[in-house]
Structure formats: C-alpha cells, structure tokens
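One letter stands for each residue in the lines below.
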Amino acid sequence: MNFIIFSRKCMTSILVLSLILTFGCAEKSAQNADGSSTPDKLSGQTLKMASWEDAPRTKIMDWVDAVTTAGSADFIPEKDRIAVFDNDGTLWSEQPYYFQLAFAIDEIKRLAPEHPEWEKDPSLKALINGDLQGFMAGGEKALLSAVAITHSGMSVDEFDTRVKNWIKTATHPKTGKPYNEMIFQPMLELLDFLRENGFKTFIVSGGGIDFMRAWAEDAYGIPPYQVVGSQLGLAYVDTTATPELMKIPELAFNDDKAGKPVGIIRNIGKRPVFAAGNSDGDYEMLQFTSTGDGARFGLIVHHTDSIREAAYDRESHIGQLSRGLDDAAKYNWLVVDMAKDWKVIYPYELDNQ
C-alpha cells in the first residue's frame, strides 16, 4: 500500500492513474471450486480462521499457541503482544489505484460546482470531466494540487466527516461494491484471532492517518488511537468558542518504508512481535519486527488471484513486492498465496456460500 501524501519522491511513483485504463483489476469475485467459508466444525467447535486453508492457518495458530502458553519457551507477556498491519493491499484491496486517491478524485468532482474557477485549470477540468488521461498530463503538479484541495484547508473534524460520508456511498470501479466491503475476510479473522489471544492490533500504513481513522474501527475493529499513518501538518486555531485543529498542506511525517519503524516507536513505543504487509513498502516494518528478541512472526500477503482480486508483485506500479519475496525465507516470513491459501477474499462472498 502506500499512498503517501505530499512526498515528492512518492508522488512521482503514485502517478499511476493512467493505469486505470490498462491495468489488470479485480473483477467481481468468483468462488473457489472447493472453497466454503461457512465455518467448519472440529470436535463440535467452530474452527477459527475458517477462510484460511489448513497449512497457513496451522502455522499461525501454532505460533500463537506457543507465545501465549504460560511456561512455553516462546511465551510473550500480554503487555508485549503487539501486532502491526499495513492497510492498502494487506487489509483491503488497492487496485486499480489506492482508495484514498479515489476519495480525492470523488471529492474534486463533488466540490466542483462550488468552484467554477477550477475550470480554468486544465488538469482539474479534465478530472472533473472524467478525463483521467488529461488529468495525468498535468503530472506531479496536478496530483499535488488535487491532494491539497481535498486533504487540507479544513478542520480535522470536517475532514473526518467528509471521509465518513464518502465511504457510505462510494463504490469500487470494477466490483461496484462499497470500498469498506473490499476488505479481506481472512485478515478480519486473523485480527479477531489475535485479539482473542491478548494481542493489541495496530494499523501502520503509508496512507493518511486521518483518512484511515475515519472508518478503520468500523471496518477492522481497530480504534483511531491504534492507527499510525502519514501525517499532514496541523495548526491549532483559537478564534472561535470551539478551538479547532486545521489541516495544512505540508508533510509532517511519511509513514512508509524506513519511516514505518520510526512511526511504530513514536506512536506505539514497542517493537512489534507480529507484522503483516504486502509490498516492499512494508519491508522495513517486517524486518524490524522479525529481528527482535524472542518469538516473532512476519506475514506477507501475495496477490496472486487474478480472478477473485488481482495478480501483481515485482513489476507492479502499485504494491510492488520484490525484496519481500527474495528475503522471505531469510526472515522466515509466511508468504500467503491469495489464490491457494484463502477460501474467500471478501466478506460479501460469504453470502454466496
């Protein structure tokens, strides 16, 4: 995942809107022939993580059992059971473009009637008219302008309201499903399983922290104070009866790549014992987690399912995964093959079982 706001280096890599017309995207999900997410039964009890195939599920559950069993050589006290997850591509889809970028595009279109002056800007005019290639012709400057318009110049509360209103109505361009239904059912089960065993679960993402905080608790059960992300500048404004924090167009913190361990220590204060990601933007977070003392677990979601979601890794402009694949064995990371290891992808597939 890694939609980084106002980082010049990252903005250049994010100029992928032109791929909308050509990039392989998620089609409406189909079912695996042998896949059933209806909870299996084992000894009369509901099987945990039922959307996972046996091999990866067993590996995760055995590790959790080892670190939560008192007297085990690998026992981890509950206060140290910190699990961190990337968001885009790890907890929900990120194709054909980052969902936060979709929010920015939709906001420009929504606000356009109030800003006739935008018609004088060729790039914004193209975006308003649905001409994404024309918008791309404006390059980095056009993208920075669109992000500034939609992510700053308002209070934190106003931005939160805008994102919440958007997530209620916006739909994915290929599946037609609401974006908050494009979350991964197996990862929801993993989050629940870890929390049931005394883990605190955090999002550590390159996405905007305020964008994710608006909906993450409803989607994943992760409260706003357990979300770490890239941050714009903030200004405290005390000119009314109710002082406000205003979002300003400058990058205060870039929570991507080597920035992720920094964000973890600044915001969480402990090295995690469990980390999950899907791209090389998560490499340092996985490495930081895996090289600590004691039992550790690293997990990579490998997008291999072109039918139910999307297949991409080394050559992708979004969620590129190369170093992670090369070094997975070195750090004993579990590489989850979506096509083989997940019985279903999205929660709405459960309705068809």
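Being a predicted model, the structure only gives us computed values, none of them experimental.

### Regarding the sheet that holds strand 7 (residues 274–277)
Taken in spatial order, the seven strands make up an open sheet running 6-5-4-3-7-8-9, and their pairing is mixed. Looking at which strands have only one partner, the edges of the open sheet turn out to be strand 6 (244–253) and strand 9 (334–337). Strand-to-strand, the axes of this sheet are offset by a mean angle of 30 degrees, without reference to chain direction. Strand direction decides the pairing type here: strand 7 and strand 8 (residues 297–302), joined by four bridges, are parallel. Bridging from a neighbouring strand, alanine 276 pairs with leucine 299 of strand 8. Along the sheet face, helix 2 (residues 54–68) touches strand 7, strand 8 and strand 9 and points at about 155 degrees away from the line of strand 8.

### Quick notes on the side chain of serine 230
Locating serine 230 in the fold gives a position in strand 5 (residues 227–237). In this structure serine 230 comes out as buried when scored by relative accessible area, which is 2%.

### A few points about the packing of helix 3 (residues 99–111) against helix 6 (residues 139–151)
Here helix 3 crosses helix 6 at 80 degrees, and the two axes come no closer than 9 Å. One element, helix 3, and the other, helix 6, form an angle in the roughly perpendicular class. Counting all contacts with helix 3, which are made through Gln100, Leu101, Phe103, Ala104, Glu107 and Ile108, the residues of helix 6 involved are Leu143, Ala146, Ile149, Thr150 and His151. Looking at the contact of helix 3 with helix 6 residue by residue, the class counts come to seven nonpolar, three polar and one charged.

### Quick look at the pattern of salt bridges
This structure, assessed with the given rule, holds 15 salt bridges. For lysine 270, the salt bridge is made with aspartate 80, and the minimal N-O distance between the two is 2.8 Å. With lysine 270 in the loop between helix 11 (259–267) and strand 7 and aspartate 80 in the loop between helix 2 and strand 3 (82–85), this pair connects stretches of sequence that are 190 residues apart. Taking the relative accessible area as the measure of exposure, lysine 270 reaches 30% and is therefore partly exposed. Here aspartate 86 and lysine 260 are joined by a salt bridge, their closest N and O atoms 3.2 Å apart. Taken together, the residues aspartate 86 in the loop between strand 3 and helix 3 and lysine 260 in helix 11 connect sequence positions 174 residues apart. For the pair shown, aspartate 86 and lysine 260 are each scored as buried.

### Description of the nonpolar core
In terms of nonpolar packing, the biggest core is built from 75 residues, with Met187, Tyr220 and Leu299 touching the most fellow members. Considering every element that reaches this core, the biggest residue donor is helix 3, with seven residues. Setting aside anything within four residues of it in sequence, one finds methionine 187 in contact with Trp52, Phe85, Thr90, Leu91, Ala276, Leu299, Val301 and Trp342. Among the nonpolar cores identified, the runner-up in size contains 17 residues, and Met285, Phe288, Ile300 and Trp333 belong to it.

### Things to note about unusual backbone geometry
In this model, glutamine 95 is joined to proline 96 through a cis peptide bond whose omega is 5 degrees. Among the secondary structure elements, proline 96 is positioned in the loop between strand 3 and helix 3. In this model, methionine 49 sits at a positive phi of 55 degrees, which is unusual for a non-glycine residue. In this fold, methionine 49 is placed in the loop between strand 2 (45–46) and helix 2.

Cut-offs and rules
- Residues numbered from 1 in each chain as written.
- Predicted model: local features only at pLDDT ≥ 70, side-chain atom pairs only at ≥ 80, totals over all residues.
- Heavy atoms only, no water.
- Pairing = 2+ DSSP bridges.
- Helix = DSSP H or I, 4+ residues; strand = E, 2+ residues; numbered from the N terminus.
- Axes fitted to C-alpha atoms, helices over the stretch in contact; angles between N-to-C directions.
- Contact = heavy atoms within 4.5 Å.
- Buried < 20%, exposed > 50% of the residue type's maximum accessible area, 1.4 Å probe, protein only.
- Parallel < 35°, antiparallel > 145°, perpendicular 65-115°, else oblique.
- Nonpolar A, V, L, I, M, F, W, Y, C, P; charged D, E, K, R; others polar.
- Salt bridge = Lys/Arg side-chain N within 4 Å of Asp/Glu carboxyl O.
- Core = buried A, V, L, I, M, F, W, Y, C linked by side-chain atoms within 4.5 Å.

None of this, on its own, says anything about what the molecule does.
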